[in-house]
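Chain residues, written in single-letter form:
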Amino acid sequence: MEVSHLEFELKEQVRQKDMYKALCEQKDEVLRDHSILQDELEKARKEASKEKQEHTLLVEKVRVFEINNESLSTNSNATTSQVQEKINLIDQLRDEMDEVKALVEELKIKMDLLSSERDATKEYLASTTVQLRVMKEKADK
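Residues numbered from 1 in each chain as written. Predicted model: local features only at pLDDT ≥ 70, side-chain atom pairs only at ≥ 80, totals over all residues. Heavy atoms only, no water.

Caption draft 1: Geometry of the overall build of the protein chain. Summing up its helical and strand segments, the protein chain has 2 helices and 0 strands in all. In terms of C-alpha radius of gyration, the protein chain reaches 31 Å, well past the compact-globule figure of 14 Å for 141 residues. Considering only C-alpha atoms, the protein chain reaches an extent of 110 × 20 × 15 Å along its principal axes. Expressed as a percentage of its 141 residues, the buried residues of the protein chain come to 23%. Within the protein chain, contacts between residues separated by at least 24 positions form 87% of all contacts whose residues are at least 6 apart in sequence. Surface exposure of the protein chain reaches about 10,800 Å², of which carbon and sulfur atoms provide 53%. The positive charge centre, built from 24 side chains, and the negative charge centre, built from 32, are 5 Å apart in the protein chain. (Helix = DSSP H or I, 4+ residues; strand = E, 2+ residues; numbered from the N terminus. Rg over C-alpha atoms; globule rule 2.2 N^0.38 Å. Buried < 20%, exposed > 50% of the residue type's maximum accessible area, 1.4 Å probe, protein only. Contact = heavy atoms within 4.5 Å. Areas by Shrake-Rupley, 256 points an atom, 1.4 Å probe, with all protein chains shown as cover. Lys, Arg positive; Asp, Glu negative; His and termini not counted. Charge placed at Lys NZ, Arg CZ, Asp CG, Glu CD.)

Below is the structure:
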């Protein structure tokens, strides 16, 4: 009777050890995933910052060309072809600026998604930690 009881306890301890090992592996995986998401979020932020700087430069170029365009239109010696070239350049820069704006918007969406994933990962990690603590407390009793 005593031996079978000890065998049962041993099997229970082995089962708990395996369960703890599996939970620890899950926790390690979550931590790795969290780190990867953090890296991706940082890359997205850097890229968004770079795109914002490029956007600012394009806006400044458009302003300069608009001023130049105004000067050209008031200058009676300016030829129509030169004015048209400046207008075309302004249109081209505006199109580029619209593309940059769209890219920035896309990056913002990606950053929001990464942030949501990071928050979900944090919640999962917290839940796993609580489960692990509860199981350890049960095992210790």
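Here the narrative resumes.
Caption draft 2: Region of interest: the pattern of salt bridges. The tally for this structure, following the rule as stated, stands at 5 salt bridges. One salt bridge connects glutamate 106 with lysine 110, and the closest N-O pair in it is separated by 3.4 Å. Placement of the pair is glutamate 106 and lysine 110 together in helix H2 (residues 80-140), with a separation of 4 residues, close to one helical turn. Lysine 110 gets classed as partly exposed once you look at its relative accessible area, which sits at 43%. (Salt bridge = Lys/Arg side-chain N within 4 Å of Asp/Glu carboxyl O.)

Caption draft 3: Seen up close, the environment of glutamate 105. As for its position among the elements, glutamate 105 is in helix H2. Looking at glutamate 105, the relative accessible area reads 44%, which means it is partly exposed. Remark: the alpha-carbon pair of glutamate 105 and alanine 48, spanning 57 residues in sequence, is separated by 9.0 Å.

Caption draft 4: Here's a closer look at the side chain of threonine 121. Relative to the helices and strands, threonine 121 is located in helix H2. Separated by 2.8 Å, the side chain of threonine 121 and the backbone oxygen of glutamate 117 make a polar contact. Those residues within four positions of threonine 121 in sequence are excluded, and the remaining contacts are Val30, His34 and Leu37. (Polar contact = N/O pair within 3.5 Å; in protein donor to acceptor, adjacent residues only side chain to side chain.)

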